[in-house]
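Listed below, chain by chain, are the residues.
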Amino acid sequence: MAAAAAAGGAGGGSAALGDSGAIDYSVHEAWNEATNVYLLVVLASLALLVYARRNKRRIMRIFTLPPAAETPPEPNFYDSMKKIRLRQQLEMYSIARKFEQQQQPPKQTESIQLSVE
């Protein structure tokens, strides 16, 4: 670091090289740290990729819903009995309406004519 301060303080040279030709090591240290971070990220992503390929079924099982949660295996007995009873009531109502219509003679609808004077 002292060499970097000396190289930066002696004007006229570039940022990486001073008057004495000494290399600014802070740039190299930063580069090394950056490449180390990138190397760690690449290695971690490769490790995750290998893990994902080996445990594909285990990972996919996390994102799928269990089949028991989608539909119950058997319908509820009480609900099915309610539906049957409702269907029977509707059938009886429709039969009663047809019978009533057959028993009553058709009514003549009264028509009213309006005349304009």
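Note that the structure is predicted; figures quoted are calculated from it, not measured.

Quick notes on the rules
- Residues numbered from 1 in each chain as written.
- Predicted model: local features only at pLDDT ≥ 70, side-chain atom pairs only at ≥ 80, totals over all residues.
- Heavy atoms only, no water.
- Helix = DSSP H or I, 4+ residues; strand = E, 2+ residues; numbered from the N terminus.
- Buried < 20%, exposed > 50% of the residue type's maximum accessible area, 1.4 Å probe, protein only.
- Areas by Shrake-Rupley, 256 points an atom, 1.4 Å probe, with all protein chains shown as cover.
- pLDDT = per-residue confidence, 0-100.
- Contact = heavy atoms within 4.5 Å.
- Axes fitted to C-alpha atoms, helices over the stretch in contact; angles between N-to-C directions.
- Parallel < 35°, antiparallel > 145°, perpendicular 65-115°, else oblique.
- Nonpolar A, V, L, I, M, F, W, Y, C, P; charged D, E, K, R; others polar.
- Patch = residues over 30% accessible without salt bridge, like charges linked within 9 Å, V, L, I, M, F, W, Y side chains within 5 Å.
- Salt bridge = Lys/Arg side-chain N within 4 Å of Asp/Glu carboxyl O.

Our focus in this paragraph is the overall build of the protein. When its secondary structure is counted, the protein shows five helices and zero strands. Each helix and strand of the protein, ordered N terminal to C terminal, gives the series α-α-α-α-α. In the protein, buried positions account for 4% of the 117 residues. A total accessible area of about 11,700 Å² is found for the protein, and carbon and sulfur atoms account for 62% of it.

For the rest of this paragraph, the subject is the confidence of the model for the protein. Per-residue confidence for the protein gives a mean pLDDT of 77, with 62% of residues at or over 70. No element of the protein has a lower mean pLDDT than helix α1 (residues 2–9), at 48, and none a higher one than helix α2 (residues 25–54), at 91. A low-confidence stretch, residues 1–14 stays under pLDDT 50, and its non-local contacts, those more than four residues away or across chains, total seven contacts.

Take the packing of α2 against helix α3 (residues 56–63) next. Between α2 and α3, whose axes approach to 5 Å, the crossing angle comes to 85°. When the axes of α2 and α3 are compared, the pair comes out roughly perpendicular. On α3, the residues touching Y51, A52, R53 and R54 of α2 are K56, R58 and I59. Class assignment for the residues of the contact of α2 with α3 results in three nonpolar, no polar and four charged.

This part is about a nonpolar patch on the surface. Nonpolar side chains collect at one region of the surface, where L39, V42, L43, L46 and L49 lie side by side and expose about 450 Å² of accessible area between them. Mapped onto the elements of the fold, L49 is located in helix α2. The class for L49 is partly exposed, based on a relative accessible area of 45%.

Glancing now at the pattern of salt bridges. Counted according to the given criterion, the structure contains one salt bridge. We note a salt bridge from E100 to R97, for which the minimum N-O separation is 3.2 Å. Of this pair, E100 and R97 both sit in helix α5 (residues 77–103), separated by three residues, roughly a single helical turn. Given a relative accessible area of 39%, E100 falls into the partly exposed group. The class for R97 is partly exposed, based on a relative accessible area of 38%.

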